[in-house]
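Tertiary structure, described
Here is what each chain is made of, one letter per residue.
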Amino acid sequence: MKKIIIVLVLMFSISTVFTSCREEKKTPTEKIEEAVENTGDAIEDAADAVEDEMEDVKEEIEDKVK
């Protein structure tokens, strides 16, 4: 029983030593791709916001005309 516990503790210790908490470094290509994706997402969000505002303005104009 004692040997099993020692082996488990040793395995746990080894696994924690070789596990890293830091982020992996990204290549310049990966950074550019991520920036392009983020920019595209931001543009889509802005377009959706503008579309929503345009619909609100259209509804207000229709309400005023009635």
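This part takes up the overall build of the protein. For the protein, the count of helices and strands is 2 helices and 0 strands. The C-alpha radius of gyration computed for the protein amounts to 28 Å, which surpasses the reference 11 Å derived for 66 residues by more than 25%, pointing to a less compact arrangement than a globule. Dimensions of the protein along its principal axes, counting C-alpha atoms only, are 85 × 35 × 10 Å. For the protein, the residues scored as buried account for 0% of the 66 residues in total. Within the structure as shown, the protein displays about 6800 Å² of accessible surface, and the carbon and sulfur contribution to it stands at 62%. Averaging the coordinates of the 9 positive side-chain charges in the protein and doing the same for the 19 negative ones gives two points 18 Å apart.

Its location among the elements puts Val65 in helix α2 (residues 28-65). Relative accessible area serves as the criterion here: at 67%, Val65 is assigned to the exposed category. For the pair Val65 and Glu34, spaced 31 residues apart in sequence, the C-alpha to C-alpha distance is 47 Å.

Among the structural elements, Ala46 can be located in helix α2. We classify Ala46 as partly exposed; its relative accessible area is 42%. In this structure, the C-alpha to C-alpha distance between Ala46 and Val36, residues 10 residues apart in sequence, is 15 Å.

To continue, consider the environment of Met54. Looking at the element boundaries, Met54 is found in helix α2. Residue Met54 is classed as exposed on the basis of its relative accessible area, which comes to 59%. Counting along the chain gives 44 residues from Met54 to Leu10, while the straight-line C-alpha distance between them is 64 Å.

So, about the pattern of salt bridges. Under the defined criterion, the tally for this structure stands at 1 salt bridge. The shortest N-O distance in the salt bridge between Lys26 and Glu34 comes to 2.4 Å. Classification of Glu34 by relative accessible area gives partly exposed; the value is 35%.

Scoring rules and cut-offs
Sequence order as written defines residue numbering, which begins from 1 separately in each chain. The predicted origin of the model limits local features to residues at a pLDDT of at least 70 and limits the giving and counting of side-chain atom pairs to 80 or more, whereas totals for whole chains, interfaces and linings rest on all residues. Where side-chain values are given, they derive from all heavy atoms of the structure, hydrogens and water being excluded. Helical segments are the DSSP runs of H or I of at least four residues, strand segments are the runs of E of at least two, and each set is numbered from the N terminus. The quantity called the radius of gyration is restricted to C-alpha atoms. Its globule counterpart is 2.2 Å times the number of residues to the power 0.38. Throughout, exposure labels follow a simple rule: accessible area from a 1.4 Å probe, protein chains only, divided by the maximum for the residue type, with under 20% read as buried, over 50% as exposed, and the rest as partly exposed. Only the protein chains shown count as covering a residue, and every accessible area follows the Shrake-Rupley method with a 1.4 Å probe. Lys and Arg are tallied as positive, Asp and Glu as negative. Neither His nor the chain termini are counted. For charged residues, the charge sits on one atom: NZ in Lys, CZ in Arg, CG in Asp, CD in Glu. Any carboxyl oxygen of Asp or Glu within 4 Å of a side-chain nitrogen of Lys or Arg constitutes a salt bridge here.

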